Amino acid sequence: MITFENVVKQYPNGFRAVDGLSLEVAPGEICVFIGPSGCGKTTTMRMVNRLISVSSGRILVEGRDNRDIPAEELRRKIGYAIQQIGLFPHMTIYENVAVVPHLLGWEESRIRSQVDRLLELVGLDPDEQRDKYPRQLSGGQQQRVGVARALGADPPIMLMDEPFGAIDPITREVLQDEFLQIQKEISKTIIFVTHDIDEAIKMGDRIAILREGRIVQFDTPDTILAHPKNNFVRDFVGADRALKRLGLVRINEVMDTDPPMVAYEAKIEEARNIIQKRKLRSAFVVDRDGRLRGWVDKEAAERETSLTEAMAEVPYSDIAVRQNATVRDALSAMVTRSFRITPVVDSKGKLVGSISLRSLQELVERDDSEASEVSP
Ligand SMILES: Nc1ncnc2c1ncn2[C@@H]1O[C@H](COP(=O)(O)OP(=O)(O)O)[C@@H](O)[C@H]1O
Ligand SMILES: [Mg+2]
């Protein structure tokens with residue numbers, strides 16, 4: 001979809017900001033560019049939509065040299081969102097989002113429905129927001145308008161240069177989640193620039209790590225975390241990469257799907273048996289629909305005469321993790337509640353598995369041993 005072939009950008013003062021970069025961005029993927037400040041991320045991106053010219057090499061957009069594509073067509077094909085948002089302060093939200101469709105000469109009625117659709121897509125109520133001015137919106141809302149504007153003419157390609165960089169961390173996470181949700185629907189081909197490794201890991205299908213105008217490693221987040229190519233990448237992703245990697249694994253990929261469970265109506269002996277047979281310290285208690293009602297631990301099961309007396313009855317949301325959460329979430333839940341085994345539930349609270357501290361340890365250790373087979 002976007003191909004960089006040996007691309008060089010040399011500025012008039014002789015400085016090579018981009019130095020022989022080759023890379024292919026596949027259709028529908030989010031390709032993240034990351035690297036230290038000044039490594040050439042913005043320059044590389046701006047050469048795609050020709051805001052900056054290429055010194056040598058070439059960039060193909062949908063198979064065509066981008067120098068052969070008329071400027072207007074490039075504008076239509078490529079949406080551009082930047083950190084400073086760049087909303088026009090004297091234009092309404094409507095006018096801001098409508099900029100590119102206007103340039104392209106769309107009919108007013110078509111623009112109107114497109115703007116409403118885009119505002120809804122980014123989580124803004126069109127009726128409430130369209131006639132406001134940027135300063136009347138919060139930073140997070142303005143950023144959403146920036147994304148809506150970049151999507152203005154429904155381009156197949158998006159360039160996003162630190163789009164959430166100026167936003168507070170909590171709002172940034174919300175925007176990241178929302179954007180990933182939107183991307184599931186719209187499947188754009190995206191180059192996403194960031195200097196935040198956590199953002200890169202979360203947003204990227206693949207990550208290109210840049211240094212001094214060159215690519216050091218281009219791989220999936222998981223591969224980069226598990227197999228950093230050299231010390232530069234290793235330092236860049238940080239010492240806690242094993243932990244970060246846990247953030248990529250879903251609980252249902254690694255959980256034990258046969259959790260120790262006993263029915264709420266069962267006799268206490270049944271709980272004792274399960275705990276003894278499986279050499280556990282506790283078992284989970286479920287109702288008729290398989291929903292988690294609480295747990296019973298070994299001492300209580302041996303001491304009490306009925307399960308209802310022995311068990312701790314608690315809302316499942318207090319003790320369980322969702323199966324589609326990440327293993328990192330499970331770990332933090334275990335640490336906060338000091339559980340050795342945490343129950344895993346589906347969206348309705350049905351017990352579908354369990355995950356133990358030991359299995360997480362094994363996962364981390366396995367990653368570590370894989371990752372240490374790395375050349376310096
Ligand atoms: N017009 C210019 N002339 C000379 N050097 C430039 C010019 N524009 C940018 N640079 C340099 O090119 C390098 C890459 O810049 P940039 O692509 O903006 O980096 P990044 O986005 O990765 O922080 C930087 O060292 C910057 O100082
Ligand atoms: Mg930059």
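Residues numbered from 1 in each chain as written. Chains lettered and ligands numbered in written order. Predicted model: local features only at pLDDT ≥ 70, side-chain atom pairs only at ≥ 80, totals over all residues. Heavy atoms only, no water.

Enquirer: Give me the lowdown on helix α5 (residues 108-121), citing residues and values where you can.
Expert: Taking 1.5 Å of rise per residue, 14 residues should cover 20 Å, and α5 covers 20 Å from first to last C-alpha, within 8% of that figure. For α5, the set of buried residues is Ile111, Gln114, Val115, Leu118, Leu119 and Leu121. The buried residues of α5 occupy one face: seen down the axis, they fall within an arc of 155°. In α5, the exposed positions angled more than 90 degrees off the buried face are occupied by Ser109 and Glu120. On its buried face, α5 is in contact with α3 (93-97), α4 (99-103), α6 (126-129), α7 (139-150) and α8 (169-186). Two residues or fewer after α5 comes glycine 123, characterised by a positive phi angle close to 85°. (Helix = DSSP H or I, 4+ residues; strand = E, 2+ residues; numbered from the N terminus. Expected span 1.5 Å × (residues − 1). Buried < 20%, exposed > 50% of the residue type's maximum accessible area, 1.4 Å probe, protein only. Arc of directions from axis to C-beta. Contact = heavy atoms within 4.5 Å.)

Enquirer: Quick rundown of the confidence of the model for the protein chain? Include the residues and the values.
Expert: Taken as a whole, the protein chain shows an average pLDDT of 89; of its residues, 97% reach a score of 70 or greater. Considering each helix and strand of the protein chain separately, the mean pLDDT is smallest for helix α19 (residues 357-371), with a value of 71, and largest for strand β1 (residues 2-10), with 98. Note on residues 371-376: pLDDT is under 50 here. Beyond four places in sequence and across chains, it has 11 contacts. (pLDDT = per-residue confidence, 0-100.)

Enquirer: I'd like a description of the site of ligand 1, backed by residues and values.
Expert: Taken together, Tyr11, Asn13, Phe15, Ala17, Ser37, Gly38, Cys39, Gly40, Lys41, Thr42 and Thr43 make up the full set of residues near ligand 1. Backbone polar atom of lysine 41 to an oxygen atom of ligand 1: 2.9 Å apart, as the coordinates give it. Against a free-state accessible area of 570 Å², the protein chains account for coverage of 62% of ligand 1. Partitioning the shell around ligand 1 into residue classes produces 4 nonpolar, 6 polar and 1 charged. (Near = heavy atom within 4 Å. Polar contact = N/O pair within 3.5 Å; in protein donor to acceptor, adjacent residues only side chain to side chain. Areas by Shrake-Rupley, 256 points an atom, 1.4 Å probe, with all protein chains shown as cover. Nonpolar A, V, L, I, M, F, W, Y, C, P; charged D, E, K, R; others polar.)

Enquirer: Outline the environment of glycine 146, listing residues and values.
Expert: Mapping glycine 146 onto the fold places it in helix α7. Each C-alpha atom of the pair glycine 146 and glutamine 83 lies 9.0 Å from the other, and the pair is 63 residues apart in sequence.

Enquirer: How would you explain the domain arrangement of the protein chain if you had to name every residue and give the values?
Expert: The domains assigned to the protein chain are domain 1 (2-238) and domain 2 (252-362). A separation of 44 Å is found between the C-alpha centroids of domain 1 and domain 2. (Domains from an automatic or database assignment.)

Enquirer: Give a detailed account of the environment of tyrosine 264, specifying residues and quantitative values.
Expert: Looking at where tyrosine 264 falls in the secondary structure, it is placed in the loop between β11 (261-263) and α14 (268-277). When the C-alpha positions of tyrosine 264 and methionine 311 are compared, they lie 9.2 Å apart, and in sequence the two are 47 residues distant. When residues no more than four places from it in sequence are discounted, the contact partners of tyrosine 264 are Val285, Val286, Asp287, Arg293, Leu307, Thr308, Met311 and Glu313. Among the polar contacts made by the side chain of tyrosine 264, one reaches the side chain of glutamate 313 at a distance of 3.4 Å.

Enquirer: I'd like a rundown of unusual backbone geometry, residues and numbers included.
Expert: Apart from glycine, the bulk of residues carry a negative phi angle, and the bulk of peptide bonds sit in the trans form. The backbone phi angle of serine 187 is positive, close to 45°, even though this residue is not glycine. With respect to the helices and strands, serine 187 occurs in the loop between α8 and β8 (189-194). The backbone of glutamate 212 sits at a positive phi, close to 45°, despite the residue not being glycine. Position of glutamate 212 among the secondary structure elements: in the loop between β9 (206-211) and β10 (214-219). We classify glutamate 212 as exposed; its relative accessible area is 62%.

Enquirer: Can you break down α8 residue by residue, with the values?
Expert: Taking 1.5 Å as the rise per residue, α8 with 18 residues should run 26 Å; its terminal C-alpha atoms sit 25 Å apart, in good agreement. Of the residues making up α8, those classed as buried are Arg172, Leu175, Gln176, Phe179, Ile182, Gln183 and Ile186. Seen end-on, α8 carries its buried residues on one side only, within an arc spanning 135°. Along α8, the residues that are exposed and aim more than 90 degrees away from the buried face are Ile170, Lys184 and Glu185. Structurally, α8 contributes buried residues whose contacts are with β3 (30-34), α5, α7, β7 (157-161), β8 and α9 (197-203). One or two steps after α8, the chain reaches serine 187, where phi turns positive at roughly 45°.

Enquirer: Give me empty space enclosed by the protein: which residues, what numbers.
Expert: For the structure shown, the criterion picks out 2 cavities of 30 Å³ or more. Computed from the structure, the largest cavity encloses a volume of approximately 60 Å³. Looking at the largest cavity, the residues that line it are Val122, Arg144, Val147, Phe164, Leu175, Glu178, Phe179 and Ile182. Only α7 and α8 provide two or more residues apiece to the lining of the largest cavity. For the lining of the largest cavity, the element with the most residues is α8, which contributes 4 residues. Within the lining of the largest cavity, the residues separate by chemical class into 6 nonpolar, no polar and 2 charged. (1 Å grid on protein atoms, 1.4 Å probe; cavity = no way out; pocket = protein on both sides within 12 Å on 5 of 7 lines; lining within 4 Å. Points joined across faces, edges and corners; volume = space filled by probe spheres on them.)

Enquirer: I'd like to hear about the nonpolar core, residue by residue, with values.
Expert: Grouped together as the largest cluster of nonpolar side chains are 49 residues, with contacts concentrated most on Val32, Val97, Met160, Phe179, Phe192 and Ile207. In this structure, valine 97 is in contact with Val115, Leu118, Leu119, Val145, Ala148, Arg149 and Gly152, ignoring residues within four places of it in sequence. Of all hydrophobic cores here, the second largest spans 26 residues; its members include Ile2, Cys31, Cys39 and Leu74. (Core = buried A, V, L, I, M, F, W, Y, C linked by side-chain atoms within 4.5 Å.)

Enquirer: For the sheet that holds strand β15 (residues 321-322), give the residues involved together with the corresponding values.
Expert: Strand order in the open sheet formed by 3 strands is β15-β16-β17, and the pairing between neighbours is mixed. Each of the sheet's edge strands pairs with one partner strand only, and the pair in question is β15 and β17 (351-356). Here 2 bridges tie β15 to strand β16 (residues 341-345), and the two strands are oriented parallel to one another. The partner of valine 321 across the bridge, within β16, is valine 344. Here helix α18 (residues 327-337) sits on the sheet and contacts β15, β16 and β17; the angle it forms with β17, its principal contact strand, is near 75°. (Pairing = 2+ DSSP bridges. Axes fitted to C-alpha atoms, helices over the stretch in contact; angles between N-to-C directions.)

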